[in-house]
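Here are the chains, one letter per residue:
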Amino acid sequence: HDKRETIFSSAFFDEYSSETAELETRATLRPCNWFRSSARYILRDIDYMTRVQYQEWRESGVLGDTYVFDASVTPRNDLSLTGSFTRENLATKTPATADPTQTIPLPGFNSDVDTWLFSLDYAPKSNVSLISTVSYSRADNFNDFTNIGIPLGADYNRVGVTLGVKWKFRHDVSVEPIYEFYHYGPDERADGSGYTANVVGLEVSAPWG
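(A) Region of the structure containing the side chain of Asn 141. The residue Asn 141 is located in the loop between β6 (128-140) and β7 (155-170) in this model. A polar contact of 3.2 Å, which involves the side chain of Asn 141, links it to the backbone oxygen of Asp 112. Not counting residues within four places of it along the chain, the set of residues in contact with Asn 141 comprises Asn 110, Ser 111, Asp 112, Gly 153, Ala 154 and Asp 155.

(B) Representation of the sheet that holds strand β9 (residues 195-205) in the model. Ordered in space as β1-β2-β3-β4-β5-β6-β7-β8-β9, the nine strands form an open sheet in which the pairing is antiparallel. Looking at the sheet topology across the chains shown, the edges are occupied by β1 (15-32) and β9. Between one strand and the next, the sheet's axes are offset by a mean angle of 10°, whatever the strand orientation. Sheet analysis places strand β3 (residues 58-76) next to strand β4 (residues 79-93), joined by 14 bridges and oriented antiparallel.

(C) Spotlight on a nonpolar patch on the surface. Together, Leu 23, Leu 43 and Leu 63 make up an exposed nonpolar region whose accessible area comes to about 260 Å². With respect to the element layout, Leu 23 can be found in strand β1.

About the criteria used
Residues numbered from 1 in each chain as written. Predicted model: local features only at pLDDT ≥ 70, side-chain atom pairs only at ≥ 80, totals over all residues. Heavy atoms only, no water. Helix = DSSP H or I, 4+ residues; strand = E, 2+ residues; numbered from the N terminus. Polar contact = N/O pair within 3.5 Å; in protein donor to acceptor, adjacent residues only side chain to side chain. Contact = heavy atoms within 4.5 Å. Pairing = 2+ DSSP bridges. Axes fitted to C-alpha atoms, helices over the stretch in contact; angles between N-to-C directions. Patch = residues over 30% accessible without salt bridge, like charges linked within 9 Å, V, L, I, M, F, W, Y side chains within 5 Å. Areas by Shrake-Rupley, 256 points an atom, 1.4 Å probe, with all protein chains shown as cover. Salt bridge = Lys/Arg side-chain N within 4 Å of Asp/Glu carboxyl O.

Below you can see the structure in the form of structure tokens.
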């Protein structure tokens, strides 16, 4: 509970609650030992109720459905490949969406995103494994509400790359150097927070004591 405010406004929530309903279903196909494919559908509905001092409860929420299709191939015991495609549809509703006092209607925020992912695991030796992952995401919703002058949809390209080697130096000691690359390229008409990042790390696992 905040201690400092005027009678006209408050910067803190006095009360908050949320409810989540989620449904997931999956179908899997495995015609042989070295190939597996699956499809998933996830439905998620989240409602938020908030209240600030001197005001009534306000409702907002997120409604999303996600489709995931993936396939795994294991042609050899030391080699595994996985590919997947994900379609994530998200839409928000806010108190401003239905506010009758707004001269310009404020739509909810859409973030419909397509993501492609590919990974490869290869173990040339019993104590050495190579790991690589590449992902690409694309959102193209900038013009969803252009007809009312407020383009609020997400619009960006996102890339992620991971390369790593895990070396089991002894049966209880392993060393894992890793390199990661990230790029976020938004539509400059709506978002100026683009970036490119390179990450180098080293993980050492060993018993303690």
